[in-house]
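Given next are the chains, with one letter for each unit.
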Amino acid sequence: MSAASAASRIHCPIDFGRQGRQAGYLRAPHSRDNSGWGTIEIPIYCLANGEGPTVLLTGGVHGDEYEGQIAISRLAQTLDVDRIQGRIIMMPAVNIPAVLADRRLSPIDGLDINRCFPGDARGTFTRMLAHFMDSVVLPHADVSVDLHTTGHSADCALSTNMHDLPDAAMRDKTLAAAAAFGAPYNVVFAGVDEGATFTSCVERRGIVSLGTELGGWGRVNIEGVRIAARGIDNILKHFGVIEGEPDLAQADGTFGTRHMMVRERDAFHFAPRDGLFEPTHYAGETVEEGAVAGYLHVIEDVDTPPIAITYARSGVIWCGAGPGRVRRGDAVCVVMEDFAPDRPAH
Ligand SMILES: [Zn+2]
């Protein structure tokens, strides 16, 4: 056991060096009024066979994002270890307190784990769990696919995502992995991340990192589940963990992935005040700069007409607001543009 894993308070039953199929539960201490030595069990699977890369599959980092949980759980329950060459670590419900509460934030300490990385071994439950993921799980991985959706707060165009990495070779390797995953879109973020996400942690360790947004609006997106399951299968094929070629056909008859970009400075559109937001377009629709993105209705005022919010740029809607009622400062729409890297290709 490494010094980093010894520092974690979470017990891990998996021997990552062992061949074959292992399934069990992380045991995370959670002292409560009626259970001072209480623990929370987090499911984990490790399948290893022969030599090959290690692919880490994570779902349920946010509890109200279902497609990745479903796809990883099904694969973990059904995949024959003799079919693989290498290792697959699967955690379908990383943030299980949030998963079981159907919430984005942890019901234990109110934190968003995806803003807590690299975490703290002696911190609150969420920080402790983030520290475990970074210090114990990630050192084993060569490739990480972290499956998200936009939860209750939005809907999204079905997509993978990644950062506009400064290392050109790593960026190209990640772009190739995204193309192999085969979602309709791949979104490259330029200046969007704050460094405290799981993705940033993965990248700091030099691991190929892909995220996804494959649904939202608090329901299970049927095509999102299909793309999640197929994308995982495609990634395992791309890295040689299972045999075969990725399937890249799309439901609308097109082929392959459209690479896009979200730039912080002008992609996000925010509500100017509290109100009921009426969007004009669905995620995935093409929109023009200056067109109306939606109307903000201030129902409680008799003298406030609907407030039009317009697109700051042309592109394709990546995320659109979901819940109807929004607060001043909430993002109601994110527009992506075609991929054009800030850095020249090497
Ligand atoms: Zn998420």
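Residues numbered from 1 in each chain as written. Predicted model: local features only at pLDDT ≥ 70, side-chain atom pairs only at ≥ 80, totals over all residues. Heavy atoms only, no water.

Draft legend 1. The arrangement of helix 7 (residues 222-238) in detail. Its 17 residues give helix 7 an end-to-end C-alpha distance of 24 Å, which sits within 8% of 24 Å, the value for a rise of 1.5 Å per residue. Among the residues making up helix 7, those that are buried are G224, V225, I227, A228, R230, G231, I232, N234, I235, L236 and K237. Its side-chain oxygen 3.1 Å from the backbone nitrogen of E223, N221 forms the N-cap of helix 7. Immediately downstream of helix 7, the backbone of G240 shows phi near 80°, a positive value. (Helix = DSSP H or I, 4+ residues; strand = E, 2+ residues; numbered from the N terminus. Expected span 1.5 Å × (residues − 1). Buried < 20%, exposed > 50% of the residue type's maximum accessible area, 1.4 Å probe, protein only. Polar contact = N/O pair within 3.5 Å; in protein donor to acceptor, adjacent residues only side chain to side chain.)

Draft legend 2. Region of the structure containing the coordination of the zinc ion. Around the zinc ion, the donor atoms from the protein are H62 (ND1), E65 (OE), E65 (OE) and H148 (ND1), and they sit 2.0 to 2.3 Å away. Around the zinc ion, the 4 donor atoms sit at angles spanning 58 to 150°, and that spread fits a shape best called irregular. Donor residues for the zinc ion, ordered by position in the chain, follow H-x2-E-x82-H. In this pair, E65 is assigned in the loop between strand 3 (54-58) and helix 2 (67-78) and H148 in the loop between strand 5 (143-146) and strand 6 (154-156), connecting sequence segments 83 residues apart. (Donors = N, O, S within 2.8 Å, 3.2 Å for Na, K, Ca; no water. Tetrahedral: all angles 85-135°; square planar, octahedral: opposite > 155°, others 65-115°.)

Draft legend 3. Broad picture of the domain arrangement of the protein. For the protein, the assigned domains read domain 1 (3-256) and domain 2 (267-338). Domain 1 and domain 2 are separated by 30 Å when their C-alpha centres are compared. Contact residues are listed per partner, giving 14 residues for domain 1 and 13 residues for domain 2. In total, about 920 Å² of surface goes out of reach between domain 1 and domain 2, with carbon and sulfur atoms giving 72% of it. The largest contributions to the domain 1 side of the interface with domain 2 come from A157, Y185 and W217, which together make up 39% of the buried area. (Domains from an automatic or database assignment. Contact = heavy atoms within 4.5 Å. Buried area = accessible area lost by both parts, 1.4 Å probe.)

Draft legend 4. Highlighting the packing of aromatic side chains. Within this structure, the stated rule accounts for 3 aromatic pairs. Seen from their ring centres, F268 and F270 are 6.4 Å apart, and the 15° between their planes marks the pair as stacked. (Phe/Tyr/Trp six-rings, centres within 6.5 Å; stacked < 30°, edge-to-face > 60°.)

Draft legend 5. Representation of the packing of helix 2 against helix 7. Where helix 2 contacts helix 7, the axes come no closer than 8 Å and their chain directions differ by 50°. Considered as vectors, helix 2 and helix 7 are oriented oblique to each other. The two elements helix 2 and helix 7 cross, and the hand of that crossing is right-handed. Between helix 2 and helix 7, the contacting residues are E67, I70, A71, I72 and L75 on the first element and G224, V225, A228, A229, I232 and L236 on the second. A breakdown of the residues in the contact of helix 2 with helix 7 according to their chemical character gives 9 nonpolar, 1 polar and 1 charged. (Axes fitted to C-alpha atoms, helices over the stretch in contact; angles between N-to-C directions. Parallel < 35°, antiparallel > 145°, perpendicular 65-115°, else oblique. Left-handed = near helix turned anticlockwise from the far one by under 90°. Nonpolar A, V, L, I, M, F, W, Y, C, P; charged D, E, K, R; others polar.)

Draft legend 6. How the structure looks around unusual backbone geometry. F117 connects to P118 through a cis peptide bond whose omega is 10°. Its place among the elements puts P118 in the loop between helix 3 (96-101) and helix 4 (125-137). Despite not being glycine, D102 shows a phi value in the positive range, around 55°. Locating D102 in the fold gives a position in the loop between helix 3 and helix 4. Residue classification places D102 among the partly exposed residues on the basis of a relative accessible area of 34%. Positive phi outside glycine occurs at W217, with the angle close to 60°. For W217, the location among the structural elements is in the loop between strand 9 (208-213) and helix 7.

Draft legend 7. Structural view of the sheet that holds strand 12 (residues 275-279). Taken together, the 4 strands give an open sheet; going across it, the order is 15-14-12-17, and neighbouring strands pair in antiparallel fashion. Edge positions in the sheet fall to strand 15 (307-310) and strand 17 (325-326), since each of these pairs with one other strand and no more. With 4 bridges joining them, strand 14 (residues 292-297) and strand 15 adopt antiparallel strand pairing. Within strand 15, the position partnered with L296 by the bridge is I307. (Pairing = 2+ DSSP bridges.)

Draft legend 8. Region of interest: the packing of helix 5 (residues 168-181) against helix 7. One can describe the packing of helix 5 onto helix 7 by two numbers: an axis separation of 7 Å at closest approach and a directional angle of 130°. On the basis of their axis angle, the class for helix 5 and helix 7 is oblique. Contact residues: A176, A177, A180 and F181 in helix 5; I227, A228, G231, I232, N234, I235 and H238 in helix 7. Here the contact of helix 5 with helix 7 is composed, by residue class, of 8 nonpolar, 3 polar and no charged.

Draft legend 9. Examining the nonpolar core more closely. Core analysis: the biggest nonpolar cluster contains 35 residues, and L26, I42, M91, F132 and M133 have the highest contact counts within it. Taken together, the elements giving at least two residues each to this core come down to strand 1 (20-29), strand 2 (39-49), strand 4 (86-91), helix 3, helix 4 and helix 6 (198-204). Take this core: its biggest share by element is 8 residues, from helix 4. Leave out the neighbours within four places in its chain, and F132 touches S8, I10, C12, L26 and V137. (Core = buried A, V, L, I, M, F, W, Y, C linked by side-chain atoms within 4.5 Å.)

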